[in-house]
Amino acid sequence: MAEGFLTSFVNVSRVQPIKDLDEYGAILDGWLTVLSRLGFRARHLSIYGTLTPWRRNVVEGLTLRFRHLDLTIGDIVLLWNTDHPDRLAVDLGTGLERLAWARTRKRWYDLVYGRFAQSAPPTTLDAIRTATLLLGHGITPAARGAGGITRRVIGTIAPEAASLGVSAMVREAFGYWTLFGELRVPWPAVACLIEEEALR
């Protein structure tokens, strides 16, 4: 797992139809104001990309990315229908964890995993964090469908980590995810499910 990337993260986005490029510019300006209020100074921000449109099926677009010093922190995409170019939309997005990384300049793994950063490989920590979110919402391991994703995620957990127990890391991840919404399954049940599946 590369620094700056996670399987699951808190998405910060704005997606909406727009009428013209002036509205796109106003959204871009508003985002720069938000970044400024978060402590990202204009002199350290840059926007980069290409003005050559890309195309996927009936959609075309332009993607510009935001950088704070040397870290890319998000992007803004202008989209339009190829057959009806007057139908425009904007998709602006970033991850909350990535913003915190750029703002604090902490080591990525310390920021995301805290005291557990050195306790297991990053792929295992990422999998426990993601499995906690999935299982906490009741998405149990299965052969296919959403449960198949849960099974694949848990399958990347190092068996030696699961054999010693995952409850401490699950509690930490559970606490983080509940900052953004209630999880239906309690953390002890989540930890048991992860351990059972990882040690099958």
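Figured I'd write up the structure that's included with this text. (Residues numbered from 1 in each chain as written. Predicted model: local features only at pLDDT ≥ 70, side-chain atom pairs only at ≥ 80, totals over all residues. Heavy atoms only, no water.)

## Let's talk about helix α5 (residues 146-154)
Here is step 1: Those residues of α5 that sit buried are Gly 147, Gly 148, Thr 150, Val 153 and Ile 154.
Here is step 2: Against the buried residues of α5 lie α4 (122-136) and α8 (187-198). (Buried < 20%, exposed > 50% of the residue type's maximum accessible area, 1.4 Å probe, protein only. Helix = DSSP H or I, 4+ residues; strand = E, 2+ residues; numbered from the N terminus. Contact = heavy atoms within 4.5 Å.)

## Details of the environment of Ala 120
Here is step 1: Relative to the elements of secondary structure, Ala 120 occurs in the loop between α3 (108-113) and α4.
Here is step 2: A relative accessible area of 16% places Ala 120 in the buried class.
Here is step 3: Residues Ala 120 and Ile 157, 37 residues apart in the sequence, show an inter-C-alpha distance of 9.4 Å.

## Details of the packing of aromatic side chains
Here is step 1: Here the structure, examined in full by the defined rule, presents five aromatic pairs.
Here is step 2: Both rings, one in Tyr 109 and one in Tyr 113, keep their centres 6.3 Å apart while their planes meet at 10 degrees; by these two values the pair is stacked. Placement of both Tyr 109 and Tyr 113 in helix α3 is noted, with a separation of four residues, approximately one turn of the helix.
Here is step 3: Ring geometry for Tyr 176 against Trp 177: centres 5.3 Å apart, planes inclined by 65 degrees, an arrangement best described as edge-to-face.
Here is step 4: Accessibility expressed as a relative area gives 5% for Trp 177, which makes it buried.
Here is step 5: Chaining the aromatic ring pairs together yields one cluster made of Tyr 176, Trp 177 and Phe 180.
Here is step 6: Geometry around Trp 54 places Arg 56 over its ring, the cationic atom sitting 4.4 Å from the centre.
Here is step 7: A cation over a ring is seen here: Arg 98 above Phe 5, with NZ or CZ 5.1 Å from the ring centre. (Phe/Tyr/Trp six-rings, centres within 6.5 Å; stacked < 30°, edge-to-face > 60°. Lys NZ or Arg CZ within 6 Å of the ring centre and 35° of its normal.)

## Structural notes on the pattern of salt bridges
Here is step 1: Inspection of every chain in the model, using the stated rule, returns six salt bridges.
Here is step 2: With its nearest N and O atoms 3.9 Å apart, the salt bridge here joins Glu 172 to Arg 115. Pair noted here: Glu 172 is in helix α7 (residues 167-177) and Arg 115 is in the loop between α3 and α4, with a separation of 57 residues, a long-range link.
Here is step 3: Under the relative-accessibility criterion, Glu 172 is labelled partly exposed at 37%.
Here is step 4: On the basis of relative accessible area, Arg 115 is assigned to the exposed category, the value being 63%.
Here is step 5: Residue Glu 197 pairs with Arg 200 through a salt bridge whose shortest N-O separation is 3.1 Å.
Here is step 6: On the basis of relative accessibility, which here comes to 67%, the residue Arg 200 falls in the exposed class. (Salt bridge = Lys/Arg side-chain N within 4 Å of Asp/Glu carboxyl O.)

## Here we look at the side chain of Ser 8
Here is step 1: If you trace the backbone, Ser 8 turns up in the segment before β1 (11-18).
Here is step 2: Within the structure, the side chain of Ser 8 is placed 2.8 Å from the side chain of Thr 130, a separation counted as a polar contact.
Here is step 3: Contacts of Ser 8, omitting those with residues within four sequence positions, involve Asp 126, Arg 129, Thr 130, Leu 133 and Trp 177. (Polar contact = N/O pair within 3.5 Å; in protein donor to acceptor, adjacent residues only side chain to side chain.)

## What to know about a nonpolar patch on the surface
Here is step 1: A cluster of nonpolar side chains, Leu 96, Leu 179 and Phe 180, forms an exposed patch at the surface whose accessible area comes to about 300 Å².
Here is step 2: Mapped onto the fold, Phe 180 is located in the loop between α7 and α8.
Here is step 3: For Phe 180, a relative accessible area of 44% corresponds to the partly exposed category. (Patch = residues over 30% accessible without salt bridge, like charges linked within 9 Å, V, L, I, M, F, W, Y side chains within 5 Å. Areas by Shrake-Rupley, 256 points an atom, 1.4 Å probe, with all protein chains shown as cover.)

Keep in mind these values describe shape, not function.
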